[in-house]
Amino acid sequence: MPYFDAASAAPLHPVARQALLASLDEGWADPARLYREGRRARLLLDAAREAAADSVGCRPDELVFTPSGTRAVHAGISGSLAGRRRVGSRVVVSAVEHSSVLHAAESHAAAGGAVTEVPVGRTGAVDADGFAAALDSGDAGPAALACLQSANHEVGTEQPVAEVAEACRAAGVPLLVDAAQSLGWGPVEGGWSLLAASAHKWGGPAGVGLLAVRKGVRFAPQGPSDERESGRAPGFENLPAIVAAAASLRAVRAEAAAEGARLRALVDRIRARVPELVPDVEVVGDPVRRLPHLVTFSCLYVDGETLLHELDREGFSVSSGSSCTSSTLTPSHVLRAMGVLSEGNVRVSLPAGTAEEDVDRFLEVLPGVVAGVRERLGAPVTSPAVAPGPDSLVVDALGRRCPIPVIELAKVIGDVPVGGTVTVLADDAAARLDIPAWCEMRGQEYLGESPAAGGGVAYVVRRVS
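Our subject in this report is the structure included herewith. (Residues numbered from 1 in each chain as written. Predicted model: local features only at pLDDT ≥ 70, side-chain atom pairs only at ≥ 80, totals over all residues. Heavy atoms only, no water.)

### Comments concerning the sheet that holds strand S4 (residues 143–147)
Whether parallel or antiparallel, the strands of a sheet pair through hydrogen bonds between backbone atoms.
Link 1 in the chain: Overall, mixed pairing links the seven strands, which are arranged S1-S7-S6-S5-S4-S2-S3 in an open sheet. Looking at the sheet topology across the chains shown, the edges are occupied by strand S1 (63–66) and strand S3 (114–118). Direction aside, neighbouring strands of the sheet carry axes that sit 20° apart on average.
Link 2 in the chain: Two strands pair when backbone bridges link them, and strand S2 (residues 90–94) and S4 are joined in this way by four bridges, in the parallel orientation. The partner of Val91 across the bridge, within S4, is Leu145.
Link 3 in the chain: Taken strand by strand, helix H3 (residues 69–83) contacts S1, S2, S4, strand S5 (175–178), strand S6 (194–198) and strand S7 (209–213), and its axis lies near 165° from that of S6.
Link 4 in the chain: The sheet contacts of helix H6 (residues 161–171) involve S4 and S5, and relative to S5 the element is tilted by about 160°. (Pairing = 2+ DSSP bridges. Helix = DSSP H or I, 4+ residues; strand = E, 2+ residues; numbered from the N terminus. Axes fitted to C-alpha atoms, helices over the stretch in contact; angles between N-to-C directions. Contact = heavy atoms within 4.5 Å.)

Now the structure itself:
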């Protein structure tokens, strides 16, 4: 069964498995002890730290291992903000950061701090000049910390980290980079101050993160601490997992150039063929500045959860940022920030070793799966014909989840004359993103929204063609 969700968790690398099994026999003792078994464990821990630091591009004494990538992010943000409390309490983040960063920012704001969110364009990238402008103190006070991911976890877009790092250096603001998605493909360029990552993203075992803090960066670890990991990650180290994480990072980096080129060619095939094979599809993310193994696309008139279940039945494991695959009714914050279609969203992220035949079969299966889901939802099959009718229509889709409001809009847009309007009443938050996205894809004019008298929101669309 082809596994196409490496962005969530990559399969365990063979080197990680070998290192894990070997260190279970050699690395079980306390590396803080001076007897023989403890010294042996300390040697393993020091070697793993040196190997990981070499891959990150920092000094070994700048890097600590944490119980997860999320813990690394949280420790990095809280420690940096505490170390710079005399400077200010404002943190600057991009609108598409991983939830671990955004949750830490929300917690900081709830405690009285300030958060500035930098918007992104339709490709998912921040503008470096816009990010630099957000560092200026203004009325919100001076920035104490900036956070920018190296590459987006949902659409694969790479961020201009080097340019932003230079702007942060000029402003005297440390930059924390969440490198979870990109570190397996290469070091993060630029003068970053802090870096966090997670081993299960590159084929290491779950439960190991790393946090690098450059010398000279003011940092005050928060919460109870002990003598381990420089006081930044208290508790007994999971040494076998740490050894496996460092070994697999070195292994995947040795393979990255060749495997990245091979997977990029497969992703290019998906990016090109999906719009040809499936009508009404939007491929999102930057087509050039992106991770080599990841592609995301959204299908109009499709229930994302059903689509993923149907692909799973066909033998393909993929994921989504669509609201229909979440326990909430809100669309992905990444897709929302980009202003792109969220319904029927599919993220394909290929693990190392993915066979061309599996990609070809995915492209063979996808059109029929999408068509079947659309048929069950009653989606329009052809573009609406020109037909005279009333100047305006109202579609009541209250209580119905996307993509149903968009499907109902598509069914009736041809019933009003060119210049006429259709008002869609909906209370699913995804409609706020998907109706404007539908208008852009179908060449219609989105006029805006207003509160509906009976509850929900009224979205107004003018027919252009």
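Now, onward.
### With respect to the packing of helix H1 (residues 14–26) against helix H7 (residues 239–277)
Link 1 in the chain: It is the contact of H1 with H7, at a shortest axis distance of 8 Å, that shows an interaxial angle of 150°. The angle between H1 and H7 places the two elements in the roughly antiparallel class. The element H1 and its partner H7 pack so that their crossing is right-handed. The segment H1 lies against H7, with Val15, Ala16, Ala19, Leu20, Ser23 and Leu24 engaging Pro240, Ala241, Val243, Ala244, Ala247, Ser248 and Ala251.
Link 2 in the chain: By residue class, the composition of the contact of H1 with H7 is 11 nonpolar, two polar and no charged. (Parallel < 35°, antiparallel > 145°, perpendicular 65-115°, else oblique. Left-handed = near helix turned anticlockwise from the far one by under 90°. Nonpolar A, V, L, I, M, F, W, Y, C, P; charged D, E, K, R; others polar.)

### Some details on the packing of aromatic side chains
Link 1 in the chain: All told, the structure shown has three aromatic pairs when counted by the stated rule.
Link 2 in the chain: Relative to Phe316, the ring of Phe4 has its centre 5.7 Å away and its plane inclined at 45°; by these criteria the two rings are tilted. Taken together, the positions of Phe4 in the segment before H1 and Phe316 in the loop between helix H8 (304–313) and helix H9 (333–338) put the pair 312 residues apart, joining distant regions of the chain. Here Phe4 and Phe316 have matching classes, each one buried.
Link 3 in the chain: Using a relative accessible area of 0% as the deciding quantity, one classes Phe316 as buried.
Link 4 in the chain: By way of ring pairs, the aromatic residues Phe4, Phe316 and Phe362 are connected into one cluster.
Link 5 in the chain: Directly above the ring of Trp192 sits Arg214, whose terminal nitrogen or CZ lies 3.8 Å from the centroid. (Phe/Tyr/Trp six-rings, centres within 6.5 Å; stacked < 30°, edge-to-face > 60°. Buried < 20%, exposed > 50% of the residue type's maximum accessible area, 1.4 Å probe, protein only. Lys NZ or Arg CZ within 6 Å of the ring centre and 35° of its normal.)

### Let's talk about the side chain of Gln181
Link 1 in the chain: Checked against the element boundaries, Gln181 lands in the loop between S5 and S6.
Link 2 in the chain: From its side chain, Gln181 meets the backbone oxygen of Ala7 in a polar contact 2.8 Å long. (Polar contact = N/O pair within 3.5 Å; in protein donor to acceptor, adjacent residues only side chain to side chain.)

### Quick word on the pairing of S1
Link 1 in the chain: Residues Leu63 and Phe65 of S1 are buried on one face, and the alternating residues Val64 and Thr66, pointing to the opposite face, are buried as well.
Link 2 in the chain: Relative to S7, S1 is paired through four bridges, and the arrangement is antiparallel. Of the residues in S7, the one forming a bridge with Thr66 is Gly209.

### Brief notes about unusual backbone geometry
Link 1 in the chain: In this chain, Cys402 is followed by Pro403 through a cis amide linkage whose omega measures 20°.
Link 2 in the chain: Positionally, Pro403 belongs in the loop between strand S11 (392–396) and helix H11 (404–412).
Link 3 in the chain: Its identity as a non-glycine residue notwithstanding, Asp280 has a phi of 60°, on the positive side.
Link 4 in the chain: The residue Asp280 is located in the loop between H7 and strand S8 (281–284) in this model.
Link 5 in the chain: Not every positive phi belongs to a glycine, and Tyr301 is a case in point at roughly 65°.
Link 6 in the chain: Here Tyr301 falls in the buried class, since its relative accessible area comes to 1%.

### Some points on the packing of H8 against helix H10 (residues 356–377)
Link 1 in the chain: Where H8 contacts H10, the axes come no closer than 10 Å and their chain directions differ by 135°. One element, H8, and the other, H10, form an angle in the oblique class. Between H8 and H10 the crossing geometry is right-handed. Counted together, Thr306, Leu307, Glu310 and Leu311 of H8 and Phe362, Leu366, Val369, Val370, Val373 and Arg376 of H10 form the full contact between these two elements.
Link 2 in the chain: Across the contact of H8 with H10, the residue classes break down as seven nonpolar, one polar and two charged.

Keep in mind that these numbers describe shape and distance, not what the molecule does.
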